[in-house]
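# Architecture at a glance
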Amino acid sequence: MSVDTATVKKVASLARIAITDADAERLAPELNNILGWIEQLGEVDTSSVQPMTAVIPNTLRLRQDVVTEGGQRDAVLQNAPQGEHGFFTVPKVVE
Amino acid sequence: MSDVTDLGVAELRDGIRGGKFSAREVADAFVIKVSRAKALNAFIVETPEHALAAAREADEALARGDKLKPLAGVPIGMKDLFCTKGVQTTAASHILEGFKPVYESTVSQKLWDAGAGMLGKLNLDQFAMGSSNETSYFGNVISPWRKQGSNASLAPGGSSGGSSSAVAARLCPGATGTDTGGSIRQPAAFVGISGIKPTYGRCSRYGVVAFASSLDQAGPMARDVRDCAILLENMAGFDPKDSTSLNLPVPKWEELLSGDLRGKKIGIPKEYRLDGTPPEILALWDQGIEWVKDAGAEIVEVSLPHTKYALPAYYIIAPAEASSNLARYDGVRYGLRDLPEGANLQDMYAATRAAGFGDEVKRRILIGTYVLSAGFYDAYFTQASKVRTLIAQDFENAFTVCDLILTPTAPSAAFALGEKSADPLAMYLNDVFTVPSSLAGLPAMSVPGGLDKDGLPLGLQIIGKPLDEQGVLNAGLAIEQRAGFAARPDAWW
């Protein structure tokens, strides 16, 4: 598998990271090098192996369906780069 | 009186209790040390007021005749991956610069509840991604160690490099670290201190900036095994806020410490004897085998056949989880926002993340996004998760014939800053001995074993069965008692 600059740009767009053409040129061989090395995993016969889901056996707990820490609007908004009227503010998304 | 900053956690705790010195004297001494060590760049933020407040509380409790808390008056360093209420928490990134959490991580809260004070937030590799502390937005951490006859700056290891540097330089008696693929053990080995990663789920991950959630685990770094046991006891424990937290009591690790290994079988994995490992590392490993034998242990050879696949599996799983975890940094709820003129929401996300993440973080997000993308998920992520199962089974099989496993911690001593940073793959390979046990969620510890020909520390690693932190600490103590490691860096900073 070889990653070209078009693939790097597509992946960067999926990851929501803006990159320039020069970035893509630089990243393509770096990612190829790493992915090429990772591909040795294909040598391992895993046909009868289950993928790991929990590293230490532990069942997921359920809790009561109740509000535990509500009513903290100001705290929630405290670190927002921009907030108004008790909301997070973002650029216009609907014309 | 000798300098209190030469004392470890247990000696400080006992000295304050016994009235040998006040908590205030201790806090003052460390605060001054921290303020004079800027050349190491170990701290991102200094919080002397926090350490002094804890000291005042300890001194007042003692004056009243109250029973002192377990860590009353002991100041520590906090890796800047733990959210601390009202104190900037950045994970060494630009994207979180200025973020002041409105909540406290469970691990840090437990330490404050135990009476510890905070000297400051320790530098690290950005989002804990790195093995050398060269990826922090706030600059490289410098190891206090230097090669004999050289002034070149050395890497303190990573990602907990601020923690390792600060403890080795006596800026704090102990510090928190986090370990995803070796980020406590490798830096501890590089600077000649001890550090333990407990069983996955022992320490709550609540409030710890997430890197790879199925691997991340907090643990202590300190100058000796006893201090690690004390700190870990005060960090571990069930937390309903973390769904992977284990609902089990915390054992009395310090009280039960014993360097007597009679009746214990210690496994030596033949696959860890890699081609190209420096002879000094292999010689130290052999020496370690002699030490644990001297402590009464029996040595058995074990096989971990999938060892060679641990690193490639790790470098699929960890970036995959990171790409998902780091999706939350989008310029909306906290941290940096980059809003170019006329940008829409998608542009804002992309610009913010481009400006806010460092190169290594971007590299891992891209790899993670690629291996999870449509068409590649099964070939990469599912296959890696299956290989992870095989790696965990290797350890299970080994533990049917042994109680503990002894290996070197890292395949080299500390390298120079810049030496490996141009080649990501070469850097990744430095974690070859620590990653397999991380993938299997096992408790593992590094203790200093000796010095190499350049006078730099080398570490030995002990890996235990799930939940057997006691066995790991005991074997660590047995090695510590025999290694008699007393070397320390000359203060040039």
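For the structure, see preceding data.
To start, this report covers the structure provided alongside it. Residue numbers restart at each chain and count upward from 1, following the sequence in its written direction. Lettering for chains starts from A, numbering for ligands starts from 1, and both go in the order in which the items are written. With the structure being a predicted model, the display of local features is reserved for residues of pLDDT at least 70 and the display and counting of side-chain atom pairs for 80 or more, all residues being used for whole-chain, interface and lining totals. Based on all heavy atoms of the structure, the side-chain values leave hydrogens and waters out of the count.

## Some points on the nonpolar core
What tends to happen in soluble globular proteins is that the nonpolar side chains get buried as a cluster. Ranked by internal contacts, the top residues of the largest apolar core, which has 188 residues, are Phe127(B), Phe395(B) and Leu406(B). Helix numbering and strand numbering both begin at the N terminus, where a helix is a DSSP run of H or I of at least 4 residues and a strand a DSSP run of E of at least 2. Element by element, the count of residues in this core is highest for helix 9 (residues 310–325) of chain B, at 10 residues. Among buried residues, those of type Ala, Val, Leu, Ile, Met, Phe, Trp, Tyr and Cys that are joined through side-chain atoms within 4.5 Å constitute a nonpolar core. Think of it in three bands: residues with accessible area under 20% of the maximum for their type are buried, residues over 50% are exposed, and the middle band is partly exposed, with areas taken using a 1.4 Å probe on protein chains only.

## Looking at the environment of Pro249(B)
With respect to the helices, strands and loops of the structure, Pro249(B) is situated in the loop between helix 7 (225–233) and strand 7 (265–269). Taking the C-alpha atoms as reference points, Pro249(B) and Phe238(B), 11 residues apart in sequence, are found 7.5 Å from one another.

## Section: the pattern of salt bridges
When charged atoms on two side chains of opposite charge get close, those side chains can pair. Salt bridges are counted wherever a side-chain nitrogen of Lys or Arg sits within 4 Å of a carboxyl oxygen of Asp or Glu. Summed over the entire model, instances satisfying the criterion amount to 24 salt bridges over all chains. When the shortest N-O distance is used, the salt bridge between Arg205(B) and Asp242(B) registers 3.6 Å. Residue Arg205(B) is located in the loop between strand 5 (194–197) and strand 6 (217–222), and its partner Asp242(B) is located in the loop between helix 7 and strand 7; the two are separated by 37 residues in the primary sequence. Each member of the pair, Arg205(B) together with Asp242(B), is buried. Ionic pairing is found between Glu254(B) and Arg226(B), a salt bridge with its closest N-O pair at 3.3 Å. Of the two residues, Glu254(B) sits in the loop between helix 7 and strand 7 while Arg226(B) sits in helix 7, which places them 28 residues apart along the sequence. Given the relative accessible area of 17%, Glu254(B) is considered buried. What makes Arg226(B) partly exposed here is its relative accessible area of 35%. Within the structure, one salt-bridge network assembled from shared partners comprises Glu30(A), Glu360(B), Arg363(B) and Arg364(B).

## A closer look at the pairing of strand 3 (residues 117–122) of chain B
Along any regular strand, the residues point their side chains to alternate faces of the sheet. Residue and element names in this part refer to chain B. Buried residues dominate strand 3, accounting for six of its six residues. Pairing of strand 1 (residues 43–46) with strand 3, which is carried by three bridges, proceeds in the antiparallel orientation. Its bridge partner lying in strand 3, Val 45 is registered against Lys 121. Sheet topology places strand 2 (residues 75–79) next to strand 3; five bridges connect them, and they run parallel. By the bridge assignment, Lys 79 is partnered in strand 3 with Leu 122. On the question of chirality, the crossover connecting strand 2 to the parallel strand 3 by way of helix 4 (residues 106–113) is right-handed. Paired strands, in this sense, are two strands between which DSSP finds at least two bridges. Looking down the strands as they point away from you, a crossover is right-handed if its path from the first strand over the helix to the second goes clockwise.

## A word on the interface of chain B and chain A
Contacts between chain B and chain A engage 74 residues on the former and 48 residues on the latter. The quantity reported as buried area is the accessible area (1.4 Å probe) lost by two parts once they are put together, taken as the sum for both. In this assembly, chain B packs against chain A so that about 4900 Å² is buried in total across both faces, 70% of it on carbon and sulfur atoms. Considering only the surface of chain B that becomes buried against chain A, Leu366(B), Tyr370(B) and Leu425(B) emerge as the three largest contributors, covering 13% of it. Under the rule applied, a polar contact is a pair of N or O atoms within 3.5 Å (in protein, one hydrogen donor and one hydrogen acceptor; residues adjacent in sequence only if both atoms are side-chain atoms). Counting across the interface, chain B meets chain A through 20 residue pairs in polar contact (both at pLDDT 80 or more). Mapped onto the side of chain B that touches chain A, the elements with two or more residues apiece are helix 9, helix 10 (345–356), helix 11 (359–372), helix 12 (377–398) and helix 13 (424–428) of chain B. Examining the composition of the side of chain B that touches chain A, we find that 11 residues originate from one element, helix 12 of chain B, more than from any other. Residues are grouped as follows: Ala, Val, Leu, Ile, Met, Phe, Trp, Tyr, Cys and Pro are nonpolar; Asp, Glu, Lys and Arg are charged; all remaining types, including Gly, are polar. Its residues assigned to classes, the side of chain B that touches chain A shows 42 nonpolar, 18 polar and 14 charged. Every residue pair with non-hydrogen atoms within 4.5 Å of one another is taken to be in contact.

## Quick word on helix 12 of chain B
Residue and element names in this part refer to chain B. To estimate the expected span of a helix, count its residues, drop one, and scale the result by 1.5 Å. If you check helix 12, its first and last C-alpha atoms are 31 Å apart, about what 22 residues at 1.5 Å a residue would give, namely 32 Å. Two axes enter the bend calculation: one fitted to the seven residues ending at the residue in question, the other to the seven starting there, and the bend is the angle between them. At Gln 383, helix 12 shows its maximal kink, close to 25 degrees. Burial analysis of helix 12 places 16 of its 22 residues in the buried class, the great majority of the element.

## Overview of the environment of Asp239(B)
By the element assignment, Asp239(B) lies in the loop between helix 7 and strand 7. A relative accessible area of 5% means that Asp239(B) is categorised as buried. Apart from residues no more than four positions distant in its own chain, Asp239(B) is found in contact with Arg61(A), Thr106(B), Ser204(B), Tyr206(B) and Ser245(B). Engagement of the side chain of Asp239(B) in a polar contact is seen with the side chain of Thr106(B), the distance being 2.5 Å.

## Structural notes on the packing of aromatic side chains
The geometry of an aromatic ring pair is captured by the separation of the ring centres together with the interplanar angle, meaning the angle of the planes. Pairing of aromatic rings covers Phe, Tyr and Trp, the last counted by its six-membered ring, and requires centre-to-centre distances within 6.5 Å; plane angles under 30 degrees mean stacked, over 60 mean edge-to-face, and any other angle means tilted. If you walk through the whole model with that rule in mind, you get 17 aromatic pairs over all chains. Taking the centre distance of 6.1 Å and the plane angle of 50 degrees together, the rings of Trp37(A) and Tyr315(B) count as tilted. Of this pair, Trp37(A) sits in helix 2 (residues 21–38) while Tyr315(B) sits in helix 9, on two different chains. Taking relative accessible area as the criterion, Trp37(A) reaches 15% and is therefore assigned buried. Aromatic side chains Phe376(B) and Tyr380(B) sit 6.2 Å apart centroid to centroid with 55 degrees between the ring planes, which places their arrangement in the tilted category. Given a relative accessible area of 5%, Tyr380(B) falls into the buried group.

Just geometry here; none of it tells us what the structure is for.
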